[in-house]
Amino acid sequence: PGGCPDPCECSEPAKTVKCVGRNLTAVPPDLPPYLRTLFLTGNRLARLPPGAFPAGRLPDLSALNLSGNHLRAVEAGAFASLPALRQLDLSDNPLASLSPRVFGEGESPLEELALRRALRDPGVLLSVVAMLQAGTLRNLSRLELGDNGLLPLPGDAFSTLLALRQLDLGSSYLVRLGNGSLQSQGQLLNLSESSLALLRNSTPGRRLPALQPGGLGRNTWVCDCTVEDLVAWLKDSNQVEGKETLSCAYPDKTLGRIIPKINDSDVNCSEPIDLPSQLQTSYVFLGIVLALIGAIFLLVLYLNRKGIKKWMHNIRDACRDHMEGYHYRYEINADPRLTNLSSNSDV
């Protein structure tokens, strides 16, 4: 007890243990109790089961780096025995399963969580969102979700993160951030290289007054009427870094234009777009067309009423003759004498 595991390097004055690139397949069970910072990077930890860290042995562990392993499954309760954990890095792991209860049933003291290049599996992303929405990470102040490909974030993904100060979504395929996607009181937002085209109705200047973006550059901005919120925010804010470099990528008439310098006349937004009214108008027009088609059909039936009546009579007579034939054959088959008579006639 109090020693250092064989494949690791320990520093008691710094209260740090490094087990880097040792091909470990499990967490060393004999970690020293003075430990505060643990590096387990570049190993082969395929899964973290419940109780992966000895209960009661690491009461002061506050920073845990598990990046660059082969982690595919982090099960419920994997970090439940780390009461002082404040920083967790799971980046660069091909996660396929991540339980929303990895920190146990209660509220976690975690303040920083890094998941860069670890959320390529849609199921894992849903688990992370469920964890955030459940309020388990209310103390989280820094969240890194960048370099994760497509990130379809629900509207209230960050609604419980009231302490969030830094949010990194860079180098991901966000396409757009709609209503309520960002509702926390963030201080720093990185959306650079996110394939972000629209930032509408959830403009940080309106919903997050204290937000200071760390990056909005290298995005394919669509400069039509949907860009109004972004233009208004950029013009009013003096804390946006590099806003003069944000330019339009579509449509052609605004290609290359600097977004803060765009006017309403450039995007033809004099008349507001009211989608519900447009849908209502479309439904009315569709109803009129269907009513007109129905009226024409009834008129055709009325004009051909005599022919239709004659046709109905002919069908009725044909059906009656057919049924009489079936009735006659049934009577013959039911009476043996008629059956013999029918056989003799055939002979």
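Computed from a predicted structure; not experimentally measured.

Undergrad: Summarise the overall build of the protein chain; cite the residues concerned and give the values.
TA: Of the regular secondary structure elements, the protein chain holds seven helices and 19 strands. Taken across its 347 residues, the protein chain has 40% of its residues classed as buried. Sequence-distant contacts in the protein chain: of pairs separated by 6 or more residues, those separated by 24 or more amount to 58%. Put simply, the protein chain shows about 19,600 Å² of open surface, and 55% of that area lies on carbon and sulfur atoms.

Undergrad: How would you sum up the sheet that holds strand β4 (residues 47-48)? Please name residues and give values.
TA: In sheet architecture, strand pairing relies on hydrogen bonds along the backbone and comes in two forms, parallel and antiparallel. Pairing is parallel across the open sheet formed by three strands, whose spatial order is β4-β6-β8. Two strands in the sheet have a free side with no partner beyond their single neighbour: β4 and β8 (97-98). Here two bridges tie β4 to strand β6 (residues 73-74), and the two strands are oriented parallel to one another. Bridge pairing in β6 links Leu48 to Val74.

Undergrad: I'd love a proper account of the side chain of Asp89, names of residues and values included.
TA: Tracing the chain through its elements places Asp89 in strand β7 (residues 87-89). The charged side chain of Asp89 is buried without a salt bridge, its nearest counter-charge being Arg117 at 7.6 Å. There is a polar contact of 2.8 Å between the side chain of Asp89 and the side chain of Ser91. In this structure Asp89 touches Leu64, Asn65, Leu66, Ser67 and Ala114, once residues within four positions along its chain are discounted.

Undergrad: Before we move on, could you go through the state of the cysteines and cite the residues and values that matter?
TA: Counted according to the given criterion, the structure contains two disulfides. The disulfide bridge from Cys4 ends at Cys10, spanning 1.9 Å between sulfur atoms. Looking along the S-S bond of the Cys4-Cys10 disulfide, the torsion reads about 80 degrees, which is the right-handed sense. In this model Cys8 forms its disulfide with Cys19; the gap between the sulfur atoms is 1.9 Å. Its S-S torsion of about 105 degrees marks the bond between Cys8 and Cys19 as right-handed, since a negative value means left-handed.

Undergrad: Could you give an account of the nonpolar core, with specific residues and numbers?
TA: In this structure, Leu66, Phe79, Leu88 and Leu143 are the most contacted members of the largest nonpolar core, which totals 52 residues. Sorting elements by how many residues they give to this core places helix α1 (residues 122-133) first, with six residues. One finds Cys223, Leu230, Trp233 and Leu234 within the second-largest nonpolar core, a separate group that totals nine residues.

Undergrad: Quick one: what's the story with the pattern of salt bridges, residue by residue and with numbers?
TA: Summed over all chains, the structure comprises eleven salt bridges. With its nearest N and O atoms 3.6 Å apart, the salt bridge here joins Arg22 to Glu9. A residue pair is termed long-range when its members are at least 10 positions apart, and Arg22 in the loop between β2 (16-18) and β3 (37-39) and Glu9 in strand β1 (residues 9-11) qualify at 13 residues. A relative accessible area of 40% means that Arg22 is categorised as partly exposed. With relative accessibility at 49%, the residue Glu9 sits in the partly exposed group. Linking Glu144 and Arg142 is a salt bridge whose minimum nitrogen-to-oxygen distance equals 2.8 Å. Classification of Arg142 as partly exposed rests on a relative accessible area of 27%.

Thresholds, definitions, all that
Residues numbered from 1 in each chain as written. Predicted model: local features only at pLDDT ≥ 70, side-chain atom pairs only at ≥ 80, totals over all residues. Heavy atoms only, no water. Helix = DSSP H or I, 4+ residues; strand = E, 2+ residues; numbered from the N terminus. Buried < 20%, exposed > 50% of the residue type's maximum accessible area, 1.4 Å probe, protein only. Contact = heavy atoms within 4.5 Å. Areas by Shrake-Rupley, 256 points an atom, 1.4 Å probe, with all protein chains shown as cover. Pairing = 2+ DSSP bridges. Lys, Arg positive; Asp, Glu negative; His and termini not counted. Salt bridge = Lys/Arg side-chain N within 4 Å of Asp/Glu carboxyl O. Polar contact = N/O pair within 3.5 Å; in protein donor to acceptor, adjacent residues only side chain to side chain. Disulfide = S-S within 2.5 Å. Core = buried A, V, L, I, M, F, W, Y, C linked by side-chain atoms within 4.5 Å.

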